[in-house]
Amino acid sequence: MTTDLKPLNLRTEYKITPVTDVVKPRLSWELTATGRGQVQTAYQLLVASSSELLASDKADLWNSNKVIGNTTNQVEYGGKPLASRTVCFWKVRSWDKTGQPGPWSATAKWEMGLLNKADWKAEWIGNDLTALGKGKTYQLPPAPFFRKETQLKGSVKRARLYVTSLGLYEFQLNGKRIGKDYFTPGWTDYNKRVYYQTYDVTSDVKAGKNALGAVIADGWYAGYLGYALLVGNPVVRNFYGNVPLLKAQLEVEYTSGEKETIASDQTWKTNHGPIVEADLLNGETYNANLEFDNWSKAGYDDSKWKNSAIYPDKPERKIEAYPGNTIQVFQELKAKTVTPKAGGRYLFDLGQNFAGLVRLNVKGNKGDTITLKFGEVLFPNGEIMTENLRKARATDTYILKGKKEGETWTPKFTYHGFQYVEVSGFRTAPGLEAITGIVLSSATPSAGSFETDNKLINKLYENIVWTQRSNYFDVPTDCPQRDERLGWTGDAQAYIQSATFNNDISAFFTKWLVDLNDAQRADHTYPIYAPAPNVRKTDTYSPGWSEAGIICPYTIYKTYGDTKVIREFWPNMVAYLKFMEAKSKGEYVYKEASFEDISPKGGFGDWLSVGKKTPPDLLATMYYGYVASMMAEMAKAIGKLDESAYYDAIFTKIKQALLTHYTDKTGKFKTNSAAYGDGNGYVDGEMGFDGHTQTAYANAIYMHMLMPELNQKAGNWLVDLIKANNNKLSTGFLGVKPLLPALSSTGHSNEAYKLLLSTEYPSWGFEVKNGANTIWERWNSYIKGKGFENNAGMNSFNHYAFGSVNEWLFDYAAGLKVGEAGYRTFTIKPEIAKEGINEVKATYRSINGMIETGWKKTGSAISLTITVPVNTIATVFIPTTNPATVLEAKKAIKTNPAINIKGFKEGYLQVEIGSGTYQFTSQN
Ligand code: BGC
């Protein structure tokens, strides 16, 4: 007997063909097989130092031999210790349920990076141009260029470029840009660590003369960050250092076997030229007349360039291989319209709000100056709105050299959040081809899709995806346009589960969780944004934000079966829980105004909610309970059973203390609102505080803070509150995500659908109706015919927090919920809408393979199409009023050996199925 059970999508540390410095990298694969109920009963991994060895099954690095079990991911390499630069080729095969081995997978590989600091021969080199950046409001020095020529002795077998910078870099070899990555090496706490990239440049170098070139810019290291300028912070730029630095080495192995390293040092020549200004927030200025033609090619005369200066390394700063997904071009957008405006301006509409850049195509005279301004939306009078950028100048400037055929320019070291570009300086009316949008995003692989037969909801989903794309930008940012773009922890934790359904965020969060833990404060709280340069002196921590330190690792564990994040950050997480316990003075509840030390007192709370505010201390207490329960689950996952019991007990104490302090006799939430005074310091604080709010019940239910009877009552009160509010939601950043799940899980699916489908303020549909193509920071960021509110304060049109409804779309509308970590098991329990939606289709590529689920309602008939990946088990809840009407592929299911019937309860027939595609139908 043979089996067609075949491993595919082999990945190392979540990536295809990465360079990693994880000494025991984790391997994963997915499985395919025809038929149903297929599982892996054993696997074997072979790792070899060459593809030839591997092809003949000579695993000189590691032969796992046959390992019994169904594990297909998070398998740690267990072979010989790996040295820097080793290329590891690997393959895997799996045994099926009958014990037959399947075919070997295709060959995959990974490469070891530089494991020791001593592998680095390169120095940090720089060119201090700070004196040239003395503007009035903005001090923007030019970007330094570096070059080095080298003579390679013979033909090259292998060449690698290891490169990083403090600041941002672009590297070139023999006139060609290396790699597809932007904003490298990424944002970290540069005092603690900096990442490097590795490029295989074997085909970019040749025997004889070669030239290496690099341009670097301030970036996050030395440029403007966040709202520092806006709030009058004493420091507005240079948060990590004043002078951007480069470190690069080209390692060459000749066919003769001889090796050579060309490393950055003082002999690298440096100059400054066309990039006159380059700043992430404020834009780039390029004077093409100052270009150095062919500067990164051999033979360029650099006699007027000077030697680089060497800067000392910080011994405590780690230099590591980039673990995330670099920022890359996602797509290009053609301009949709160009409209002439008074004063020689032209307005380009790119048709979509996004994060990125434009490519300018222009013909003109030498010295002509083109100015580009960026905006997300237009005023009702058709003019571009830029007030919401606050102090981010977000202006790019190009000075022409006057080339006859025209000239093309794309900035390198800035980005903007925009849909519209206002351009001035054209000599003649430009065509659409003058401006092309370049969409940039961290290249997190696409993982899911969601579609219904309702246009409004499809548009909402599209907007969510665009907003995630715009804000997963090396770190999970709040927004891409204004002077902020920080890794806000509250936004990140509220949205992370939603994000998992759209893209594979495993590598992206592997990186950011390091940033977050690097930023853990001396008192063990997690900061309000990470990385955490203090862009406002008083920025510290906040309940609901800080818990990202627990919620994000937990979500990565649950979604990808990743226990390494738990082990790695366990001491940090424990320390935070200790802080929370101490802060509760051993009472396990935060009474009103417990957080005197932060501003506003109690933290941000249910940020941007509508109407009365939920007391931040009530929310803080629930968050404490929520993360304690996660700690209990994570402790168990890494075998710390005592600690698991300990956190379980704490969770119980918190639940009890919450009831005692914050509920009345009937179980309703209450608060002493006098403790918050006149609400000064809170957004909308003057509307007063109340415990009996949508946000309070939604969170309590979602976080399992209540005993069953009270939970049901809470669900009913939640519905009452929505009704009393004219059937509208009133939730902010912390209340939105749990709102629909809380309704659904207490049997109020119809109310959840009604809120989802509403188009009245405040609702998701209201945004769509008012023209949104991304998710807005405020429910009323813009109203057709009425305009904007709050622009100069906070009015971002690309803010994902309210997009956290995505979680409900997948978990409830499509019905897909993770069971055992990594979707080894999962449930599918679709909630069929009474009206407005007749069809829902979702796909999700889990770490265990592709899951598909879709339902369709035709009169009283329901069809349910489901695909379950090999080696996983799905518990499916088939909606029906009569279990006898349930068929699969038009046949009765009773005698179907692939379907295990579990029972009929509350309008669902529950069945358990293994891998394969199933076509259920039922009557409802
Ligand atoms: C940011 C948010 C953030 C909030 C916290 C805002 O300015 O844009 O998304 O969570 O501040 O107060």
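A. Structural context of the pairing of strand 49 (residues 908-913). Bridging between strand 45 (residues 873-879) and strand 49 involves six bridges; their strand directions are antiparallel. Across the sheet, residue Val876 finds its bridge partner in strand 49, namely Val911. Inspection of the sheet shows strand 48 (residues 899-905) paired to strand 49 by six bridges, in the antiparallel sense. Within strand 49, the residue paired with Lys905 across the bridge is Tyr908. Where strand 48 folds back on strand 49, the antiparallel hairpin that results is connected by two residues, among which Glu906 adopts a positive phi of roughly 45°.

B. Representation of the pairing of strand 20 (residues 275-279). For strand 20, the buried fraction is high: four of the five residues fall into the buried class. In this antiparallel pair of consecutive strands, strand 20 and strand 21 (residues 283-287), the connection spans three residues.

C. Structural context of the site of the ligand. Surveying the vicinity of the ligand reveals the residues Asp478, Arg482, Glu484, Trp488, Asp491, Trp545, Phe604, Trp607, Phe733, Glu777, Met794 and His799. Measuring from an oxygen atom of the ligand, one finds a side-chain N or O atom of Glu484 at 2.6 Å. Separating an oxygen atom of the ligand from a side-chain N or O atom of His799 is a distance of 2.9 Å. Here the ligand loses 96% of its free accessible area of 310 Å² to cover by the protein chains. Split into classes, the residues belonging to the shell around the ligand amount to six nonpolar, one polar and five charged.

D. Fine view of the sheet that holds strand 3 (residues 26-32). In spatial order, the strands read 1-3-7; together these three strands make up an open sheet with antiparallel pairing. Of all the strands in the sheet, just strand 1 (6-12) and strand 7 (75-76) have a single pairing partner and so form its edges. Summarising the sheet, strand 3 and strand 7 pair through two bridges and their orientation is antiparallel. Looking at the pairing, Leu27 lines up with Val75 of strand 7.

E. The packing of helix 11 (residues 708-724) against helix 12 (residues 733-745), seen in detail. Across the interface, helix 11 lies against helix 12 with an axial gap of 9 Å and an inter-helix angle of 120°. Classified by the angle their axes make, helix 11 and helix 12 are oblique. Every pair of crossing elements has a handedness; the one defined by helix 11 and helix 12 is left-handed. Taken together, the residues of helix 12 that come into contact with helix 11 (itself represented by Leu718, Val719 and Ile722) are Leu739, Ala742 and Leu743. The residue makeup of the contact of helix 11 with helix 12, split by class, is six nonpolar, no polar and no charged.

F. Spotlight on helix 12. Taking the largest bend as the criterion, helix 12 deviates by roughly 35°, centred on Leu739, and proline Pro741 comes between one and four positions later. Taken across its 13 residues, helix 12 has twelve buried, putting it largely inside the fold. All of the buried residues along helix 12 are Phe733, Leu734, Gly735, Val736, Lys737, Pro738, Leu739, Leu740, Pro741, Ala742, Leu743 and Ser744.

G. Up close: the packing of helix 4 (residues 489-502) against helix 15 (residues 806-813). Two elements in contact, helix 4 and helix 15, have axes separated by 7 Å at closest approach and are oriented at 65°. Relative to helix 15, helix 4 is oriented so that their crossing is left-handed. The residues of helix 15 that touch helix 4, namely those facing Gln497, Ser498, Phe501 and Asn502, are Asn806, Glu807, Phe810 and Asp811. Residue composition of the contact of helix 4 with helix 15, by class: two nonpolar, four polar and two charged.

H. Main features of helix 15. Of all the eight residues making up helix 15, eight are buried; the element is thus mostly covered by neighbouring parts of the structure. Among all positions of helix 15, only Asn806, Glu807, Trp808, Leu809, Phe810, Asp811, Tyr812 and Ala813 are buried. Gly815, located one to two residues past helix 15, shows a positive phi value of around 90°.

I. Summary view of unusual backbone geometry. Along the chain, Thr184 connects to Pro185 via a cis peptide bond; the corresponding omega equals 10°. Within the element layout of this structure, Pro185 appears in the loop between strand 14 (176-177) and strand 15 (193-200). Following Ala530, the chain continues to Pro531 via a peptide bond in cis, the omega torsion being -10°. Mapped onto the elements, Pro531 comes out in the loop between helix 5 (506-518) and helix 6 (548-560). The backbone of Asn238 sits at a positive phi, close to 55°, despite the residue not being glycine. Topologically, Asn238 is positioned in the loop between helix 2 (219-222) and strand 17 (245-254).

J. Representation of the sheet that holds strand 43 (residues 849-858) in the model. The strand order across the open sheet built from seven strands is 35-42-43-44-50-46-47, with neighbouring strands paired in antiparallel fashion. The open sheet terminates on both sides in strands that have one partner only, identified here as strand 35 (448-452) and strand 47 (891-892).

K. Structural detail: the packing of aromatic side chains. Considering all chains together, one arrives at 75 aromatic pairs under this definition. Seen in terms of ring centroids, Tyr415 and Phe473 are 3.9 Å apart; in terms of plane orientation they differ by 15°. Their pairing is stacked. A residue pair is termed long-range when its members are at least 10 positions apart, and Tyr415 in the loop between strand 32 (407-409) and strand 33 (416-424) and Phe473 in strand 36 (residues 472-473) qualify at 58 residues. Judged by its relative accessible area of 1%, Phe473 falls in the buried class. Pairing Phe733 with Phe802 gives two aromatic rings, centres 5.4 Å apart and planes at 80°, and the pair type is edge-to-face. Of this pair, Phe733 sits in helix 12 while Phe802 sits in the loop between strand 39 (787-788) and helix 15, and the two are 69 residues apart along the sequence. Here Phe733 matches Phe802 in class, with each residue buried.

L. Focus on the environment of Ser745. Along the chain, Ser745 turns up in helix 12. Along the primary structure Ser745 and Lys723 are separated by 22 residues, whereas in three dimensions their C-alpha atoms are 18 Å apart. Within polar-contact distance, the side chain of Ser745 engages the backbone oxygen of Ala742 at 3.4 Å.

Criteria and thresholds
- Residues numbered from 1 in each chain as written.
- Predicted model: local features only at pLDDT ≥ 70, side-chain atom pairs only at ≥ 80, totals over all residues.
- Heavy atoms only, no water.
- Pairing = 2+ DSSP bridges.
- Helix = DSSP H or I, 4+ residues; strand = E, 2+ residues; numbered from the N terminus.
- Buried < 20%, exposed > 50% of the residue type's maximum accessible area, 1.4 Å probe, protein only.
- Near = heavy atom within 4 Å.
- Polar contact = N/O pair within 3.5 Å; in protein donor to acceptor, adjacent residues only side chain to side chain.
- Areas by Shrake-Rupley, 256 points an atom, 1.4 Å probe, with all protein chains shown as cover.
- Nonpolar A, V, L, I, M, F, W, Y, C, P; charged D, E, K, R; others polar.
- Axes fitted to C-alpha atoms, helices over the stretch in contact; angles between N-to-C directions.
- Parallel < 35°, antiparallel > 145°, perpendicular 65-115°, else oblique.
- Left-handed = near helix turned anticlockwise from the far one by under 90°.
- Contact = heavy atoms within 4.5 Å.
- Bend = angle between axes of the 7 residues up to and from the residue.
- Phe/Tyr/Trp six-rings, centres within 6.5 Å; stacked < 30°, edge-to-face > 60°.

Interpretation note: all reported values are geometric properties and have no functional meaning in isolation.
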